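Per-entry structural report
Now for the letters of each chain:
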Protein chains: 2
Amino acid sequence: MVVMGRSTNPAAEGSKEARPPSAAGTSAPGATVGSDFLQLDIGQAPSGGRTAWLADRLRSAIADGRLPVGARLPASRVLAAELQITRGVVTEAYRRLAESGQIAGRGRLGTVVVAAPAAPRERGRPPAGPGTALFGSADREGVVDALRALPCRIDLSPGVPDLAAFPRTGWLRAERAVLAGVGPADFGYGDPQGAPALRRAVVGWLARNRGIRADPAEVIIVAGVAQALGLLAQLLRADGVRRIAVEDPGSLGARQQLEYGGHEVVPVPVDAGGLDVGALRASGARAVLLTPAHQFPAGVVLDGERRRELLSWAADGGVVIEDDYDAEHRYDRPPVPALRSLLPEGVCHTGSVSKLLAPALRVGWLLVPPDRLDAAVTAKRYADLGNGILTQLILARLMDSGELERHLRHVRLRHRRRRDVMLRAIDTHLPGARVHGAAAGLHLMVTFDDAQGGFRDTDLAAAALARGVKAHPLSWHRISPGPPGLVLGYAAGPTHEIEEGIAVIGTALRDLRS
Amino acid sequence: MVVMGRSTNPAAEGSKEARPPSAAGTSAPGATVGSDFLQLDIGQAPSGGRTAWLADRLRSAIADGRLPVGARLPASRVLAAELQITRGVVTEAYRRLAESGQIAGRGRLGTVVVAAPAAPRERGRPPAGPGTALFGSADREGVVDALRALPCRIDLSPGVPDLAAFPRTGWLRAERAVLAGVGPADFGYGDPQGAPALRRAVVGWLARNRGIRADPAEVIIVAGVAQALGLLAQLLRADGVRRIAVEDPGSLGARQQLEYGGHEVVPVPVDAGGLDVGALRASGARAVLLTPAHQFPAGVVLDGERRRELLSWAADGGVVIEDDYDAEHRYDRPPVPALRSLLPEGVCHTGSVSKLLAPALRVGWLLVPPDRLDAAVTAKRYADLGNGILTQLILARLMDSGELERHLRHVRLRHRRRRDVMLRAIDTHLPGARVHGAAAGLHLMVTFDDAQGGFRDTDLAAAALARGVKAHPLSWHRISPGPPGLVLGYAAGPTHEIEEGIAVIGTALRDLRS
């Protein structure tokens, strides 16, 4: 066993303060731990599964506090020698923990624990009950939240980027600079429309990444796209609008947001060219919510002809709500300019940092046509008097300094690799599944042909969850019926989980059909 | 002239990273500056006003970047010797800047610049125009925001605590610990009801400070009291309620929040015992919003008899909304338990950190009766999917560790001293004014007897603003007419500004009457 002394390097980032209160009485942060302390017994490892076994043992030790945040792992060659295994097994186990965000290389300090895994309840295999009840119900109110709250081993739900890559160090550095630079008045009641610094930064971001020319006076900072949709629902009702057209299939969450806001949603079909604008015109709806750059969930792009038709519909008085939720993420195709860049006076545009950095920050932006600006700012004021200041100023710094763009480039590489792994796994484990919309975004959609179908995708999702794997049944996001399918997020988790998750879904599918 | 070398103390908190980008090309952070660099010429100082002159010169130098954040001021005896003035003048000028949050003692490092003053536009004397237009208008929509946006020299608006005391170092320390402790899943979509850690911490806070027993499952984290009122307005409308009783005088902002939410507000008079519950009963309103622990703006406490009457009204089916906006601040009287502690099933309770730490954080809490909990959580979900996670977890840490309570004790001493200064200044400069509600809170109210009255308080506020001093006319917060008055905040600014501000109001009042 090797237990080195405490690190005395004063440059050790967070080596002392990173200790959570719960770490008392366990291994001291900054100390290096050996296999003895962890009670690793290589005799327990299944032959051929040593990497998974070691990663799992380490994860448990982090979860239960034996390896607290700040603790240093033994060098790979030291641990390999102690356990009498090859060094490659140790480095691969470390790589998995690094990819899922629990440990990180810290230069001369070696490899340290940086975060505990998700709540321990999420590690186990769930009872079959709740999933079956959830997927069996026809009532979709709250199903996404309910699914999120259930435990699982592997989460392939769509809608989140690589959260393990959240730039903690850059965030803290920006926060330190913000706290040193703000005056007392900045802590008072601020501009409900948003901090001017962030509105300026968003204007730059939209110009560079989405081709939108805007003035900071046109930008409203909101608590994510969800709040933007809630405010727009409110403004449209005040205008006498009661029906809003939505894409079918389309986001269940967005649809529920509009329904809660007092609107009837009118389904308009989506095909390979995006929203069917002819059907929109025929529906008589005066407003439409759509995802033109990367349709959710089908992943198609609104094509040139449809764009022209849609803008002509808007010029005739239709209100277009452009949900630009993940347009910055693309792999195999050129960027698609935002509709807002073509017709500012007819398009409401909303986006957020949820898919760029993290949904938990709850920051987004809303641009409305000039004649609706005052009403939208007033709605935001009465909603909450504006977003919190510190997060706004930190984001402004990250955008202005180029750090957010660097982060985007960094996660794009990881996302692309994960997507490729998912595509290969689908090819192997889900033969006959059709893949849609894999050229961009953070998720893809698979459908199963009618000939192979004959099952309900909610049953498939329930069977997968019973085996510990979460995914969205496509039917949750449909209004009119259609072939069964799944919506699968590939951005959030490490590649080995993606492979295993798809394999589990393949098993569940075979069981369902047999 | 004295220019000492750069500090090389590695413990210098934020000495390097605190430099804002704009500081390039000016005095280097960490360097000590002398009077030569600042071009201080004592010959310019008016005799008898050297302290104010020196403080003003230093403030300008910080504002325009000659003294960047991180710069070290000369020792007081050094600067006194250079300028050939007494050391007391220098230490008093430093004290004023420290009190307004621009400089701070840093142990062996001496006195350093920690923050630039509020936006430079706020330093000048405003043109008379906008103030006159603002106070002359009968339309009160947006007047508080509009007043906030106007420049002034001294701000005596009510509603903010000592913002210069914001615990920047403690906040950053808590954030570092939070970032080290959270896992990737914490950055995803969270619980719309609020982070469990903060809900637990709020339960502890309410038990210790407000006598409320609650379970974390009953607490909803919201974006301040404003959002809580918006959500309640929405729930009550869904229940068929269309009229909500409010205190008269009472908060203009709260009233507008309910009106925007689609309600008619029904004024109920306030007297020395608080809200007139008999008049509430007679009004036929089914819901009431009130500030029982410290009435805004009159500062009275709802007395025992009225509490019993109100709880009996609630037991008969009335909905009580308790706005507990500043109940933690009190000086000369014992704490008043929250109504919620007496009747959980009949009282909605809301509070926030706006008056404890800073309004700009936009974090508060809402407790509703058990039968409304699901509807309230759903409303919060559709409003914004929940508050941002990092601010929630930092606040939870500050509450759990006792730091927030220490901060409260610290600012209470400063607030009390400032209140005493304001009371003395009113005695001197506003003879005949009646002071109300100075025993607690962050503001007091003055009224002018009818005999002395005969002017409009909006004219007084406009005249004060034309001289650079902001205050709220009492009539803004009235529904029914009453004697003229002002609502004056004493918590936010340093004592010399309070003295000067009240003197200016005294001058404006004499001019108005002459």
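Residues numbered from 1 in each chain as written. Chains lettered and ligands numbered in written order. Predicted model: local features only at pLDDT ≥ 70, side-chain atom pairs only at ≥ 80, totals over all residues. Heavy atoms only, no water.

**A word on the overall build of chain A**
Counted only if it meets this: Under the scheme used here, helices are H or I runs from DSSP no shorter than 4 residues and strands are E runs no shorter than 2 residues, and both carry numbers assigned from the N terminus. Burial classification: accessible surface area is computed with a 1.4 Å probe over protein chains only, and a residue below 20% of its type maximum counts as buried, one above 50% as exposed, and the rest as partly exposed. The contact rule is simple, with two residues in contact once any of their heavy atoms fall within 4.5 Å. All accessibility values rest on the Shrake-Rupley procedure with a 1.4 Å probe; residue burial counts only the protein chains present in the view.
If you tally the helices and strands in chain A, you get 17 helices and 16 strands. Here chain A, with 514 residues, has 60% of them falling under the buried criterion. For chain A, long-range pairs separated by at least 24 residues make up 75% of all intrachain contacts whose partners lie at least 6 apart in sequence. When the accessible surface of chain A is split by element, carbon and sulfur atoms take 52% of a total near 19300 Å².

**Considerations on the relation of the copies chain B and chain A**
For the record, the criterion: A least-squares fit on C-alpha atoms brings the copies together, and the residues used are those whose pLDDT is at least 70 in both copies.
When chain B is fitted to chain A, the residual RMSD is 0.1 Å, and the transformation amounts to a turn of 180° plus an axial shift of 0.1 Å. What we have between these two chains is a two-fold relation. Both copies contact each other with a shared surface, as 99% of the interface residues of chain B are interface residues in chain A too.

**What to know about the interface of chain B and chain A**
This is how it is decided: What gets called buried area is simply the loss in accessible area from a 1.4 Å probe that two parts show on being joined, summed for both. What makes a salt bridge here is a side-chain nitrogen of Lys or Arg within 4 Å of a carboxyl oxygen of Asp or Glu, nothing more.
Taken together, the contacts link 67 residues of chain B with 67 residues of chain A. Between chain B and chain A lies a buried interface of about 5600 Å² when both sides are counted; carbon and sulfur atoms form 58% of it. Among the residues chain B hides against chain A, the three largest losses belong to F187, Y189 and Y382 of chain B. Together they make up 15% of the total. The tally of links between chain B and chain A comes to 2 salt bridges. Note that R381 of chain B and D145 of chain A form a salt bridge whose closest N and O atoms lie 2.9 Å from each other.

**Things to note about the environment of E305 of chain A**
Residues and elements named next belong to chain A. Here E305 shows up in helix α12 (residues 304–315). When its relative accessible area of 43% is taken as the criterion, E305 is described as partly exposed. Distance from E305 to V277, taken between C-alpha atoms, is 9.7 Å for residues 28 residues apart in sequence.

**Some words on the side chain of Q295 of chain A**
All names here are of chain A. What counts, and what does not: By the criterion applied in these results, polar contacts are pairs of N or O atoms within 3.5 Å in which, for protein atoms, one can donate a hydrogen and the other can accept it, and in which residues neighboring in sequence qualify only through two side-chain atoms.
Its place among the elements puts Q295 in the loop between β8 (287–290) and α12. Its relative accessible area of 1% is what places Q295 among the buried residues. Of note is the side chain of Q295, whose polar atom sits 3.2 Å from the side chain of E247. Among the polar contacts made by the side chain of Q295, one reaches the main-chain amide nitrogen of A298 at a distance of 2.9 Å. Residues contacting Q295, with those up to four places away along its chain left out, are E247, P249, G250, V270, V300, Y325 and H443.

**Describing the nonpolar core**
Counted only if it meets this: The definition of a nonpolar core used throughout is a set of buried Ala, Val, Leu, Ile, Met, Phe, Trp, Tyr and Cys residues joined through side-chain atoms within 4.5 Å.
Ranked by size, the top nonpolar core spans 81 residues in total, and within it W171 and W365 of chain A together with W171 and W365 of chain B carry the most contacts. Excluding residues that lie within four positions of it along the chain, W171 of chain A makes contacts with F166, L357, L361, T391, I394, L395 and L398 of chain A together with E175, L179 and L390 of chain B.

**Structural notes on the pairing of strand β6 (residues 264–271) of chain B**
Walk down a regular strand and you will see the side chains alternate between the two sheet faces. All names here are of chain B. What counts is decided by this rule: The pairing criterion for strands is at least two bridges between them, as found by DSSP. We call a crossover right-handed when, viewed with both strands directed away from the observer, the connection leading from the first strand over the helix to the second proceeds clockwise.
Bridge analysis of strand β5 (residues 243–248) against β6 gives 6 bridges, and the strand direction is parallel. By the bridge assignment, R243 is partnered in β6 with E264. A crossover connection joins β5 to the parallel β6 through helix α10 (residues 252–260); in handedness this β-α-β unit is right-handed. Where β6 and strand β7 (residues 274–275) come together, 2 bridges link them in antiparallel fashion. Of the residues in β7, the one forming a bridge with D271 is G274.

**A look at the confidence of the model for chain A**
For the record, the criterion: Note on scores: pLDDT gives the predictor's confidence for each residue, bounded by 0 and 100.
For chain A, mean pLDDT is 87; residues scoring 70 or higher make up 88% of the total. Contacts from residues 119–128 of chain A, a stretch scored under 50 in pLDDT, to residues over four places away or in other chains number 18 contacts.

**With respect to unusual backbone geometry**
Omega for the bond connecting F296 of chain A with P297 of chain A falls within 30 degrees of zero, at 0°, which places this linkage in the cis form. Following the sequence through the fold, P297 of chain A ends up in the loop between β8 and α12. Cis geometry is found at the peptide bond from D248 of chain B to P249 of chain B, where omega equals 0°. Following the sequence through the fold, P249 of chain B ends up in the loop between β5 and α10. Of note, the phi angle at L385 of chain A is positive, near 65°, even though the residue is not glycine. Secondary-structure assignment places L385 of chain A in the loop between α13 (373–384) and α14 (389–400). Exposure remark for L385 of chain A: the relative accessible area of 25% places this residue in the partly exposed category. Despite not being glycine, R362 of chain B shows a phi value in the positive range, around 55°. Mapped onto the secondary structure, R362 of chain B falls in the loop between β10 (347–352) and β11 (364–367).

**Here we look at helix α16 (residues 457–466) of chain B**
Residues and elements named next belong to chain B. Counting buried positions along α16 gives 8 out of 10 residues, so the element sits mostly inside the fold. What α16 keeps buried is the set D457, T458, L460, A461, A462, A463, A464 and L465. Of the residues flanking the end of α16, it is G468, one or two places downstream, whose phi is positive at about 95°.

**Overview of the pattern of salt bridges**
Pairing between side chains becomes possible if they bear opposite charge and their charged atoms approach one another. Residue and element names in this part refer to chain A. According to the stated counting rule, one finds 46 salt bridges over all chains in the structure shown. As a salt-bridge pair, R372 and D239 come within 2.7 Å of each other at their nearest N and O atoms. Highlighted residues: R372 in the loop between β11 (364–367) and α13 and D239 in the loop between α9 (224–238) and β5 (243–248), separated in sequence by 133 residues. For R372, a relative accessible area of 18% puts it in the buried group. By relative accessible area, which is 42% here, D239 ends up partly exposed. With its nearest N and O atoms 2.3 Å apart, the salt bridge here joins D511 to R467. Placement of D511 in helix α17 (residues 495–513) and of R467 in the loop between α16 (457–466) and β14 (469–470) is noted, with a sequence separation of 44 residues between them. Several salt bridges converge on common partners, so that one network encompasses D332, R416, R419 and D420.

**A word on the packing of aromatic side chains**
Put simply, the rule reads: Here a Phe, Tyr or Trp ring, Trp counted by its six-membered ring, pairs with any other such ring whose centre lies within 6.5 Å, and the pair is stacked when the planes are under 30 degrees apart, edge-to-face when over 60, and tilted otherwise. Both a distance and an angle decide whether a charge sits over a ring: NZ of Lys or CZ of Arg must be within 6 Å of the ring centre and within 35 degrees of the ring normal.
Tallying each qualifying case throughout the model produces 12 aromatic pairs over all chains. Geometrically, the ring pair formed by F135 of chain A and W476 of chain A is stacked, given 5.3 Å between the ring centres and 20° between the ring planes. Of this pair, F135 of chain A sits in helix α5 (residues 128–136) while W476 of chain A is found in the loop between β15 (472–473) and β16 (485–489), placing the two residues 341 residues apart along the sequence. Given the relative accessible area of 4%, F135 of chain A is considered buried. Among the aromatic residues, those joined into a cluster by ring pairs are F166 and W171 of chain A together with F187 of chain B. Here the guanidinium or amino end of R381 of chain A rests over the ring plane of Y382 of chain A, the centre of that ring lying 4.8 Å away.

**Considering the packing of helix α9 (residues 224–238) of chain B against helix α13 (residues 373–384) of chain B**
Residues and elements named next belong to chain B. Stated precisely, the cut-off is as follows: In this analysis, axes come from line fits to C-alpha atoms, helices being fitted only over the stretch in contact, and the angle between any two N-to-C directions falls in the range 0 to 180 degrees. Oblique is the label for every angle not falling under 35 degrees (roughly parallel), over 145 degrees (roughly antiparallel), or within 65 to 115 degrees (roughly perpendicular). Whether a crossing is left-handed or right-handed is set by the direction in which the near helix is turned from the far one by less than a right angle, anticlockwise for left-handed and clockwise for right-handed.
Contact pair α9 / α13: the axes reach a minimum separation of 10 Å and the direction vectors enclose 120°. With respect to their mutual orientation, α9 and α13 come out oblique. The hand of the α9/α13 crossing is right-handed. Across from Q227, L231, Q234 and L235 in α9, the residues of α13 making contact are A375, A376, A379, K380, A383 and D384.

**Considerations on the sheet that holds strand β12 (residues 433–436) of chain A**
All names here are of chain A. Judged by pairing direction, the sheet is antiparallel, and its 4 strands sit side by side in the order β12-β13-β16-β15 without closing on themselves. Only two strands of the sheet have a single neighbouring strand rather than two, namely β12 and β15. Two strands pair when backbone bridges link them, and strand β13 (residues 443–448) and β16 are joined in this way by 5 bridges, in the antiparallel orientation. Pairing of L444 across the sheet is with L488, part of β16.

**Things to note about the side chain of H436 of chain A**
All names here are of chain A. Looking at the secondary structure, you find H436 in strand β12. According to the relative accessible area criterion, H436 is buried, its value standing at 18%. In contact with H436, other than residues within four places in its own chain, are A298, L444, M445, V446 and T447.

**Brief notes about the pairing of β13 of chain A**
Residues and elements named next belong to chain A. Extensive coverage of β13 is indicated by the burial of 6 of its 6 residues. Side-chain alternation along β13 places H443, M445 and T447 on one buried face and L444, V446 and F448 on a second face that is also buried. The pairing of β12 with β13 spans 4 bridges and is antiparallel. When the sheet's bridge partners are listed, R434 is paired in β13 with T447.

**Comments concerning the packing of helix α2 (residues 50–63) of chain A against helix α4 (residues 87–99) of chain A**
Residues and elements named next belong to chain A. Between α2 and α4, the least distance of the axes is 9 Å, while the angle of their chain directions is 50°. The angle between α2 and α4 falls in the class oblique. Crossing of α2 against α4: the hand is right-handed. Residues R50, T51, A52, L54, A55, L58, R59 and I62 of α2 touch α4, and the partners they reach there are V89, V90, E92, A93, Y94, R96 and L97.

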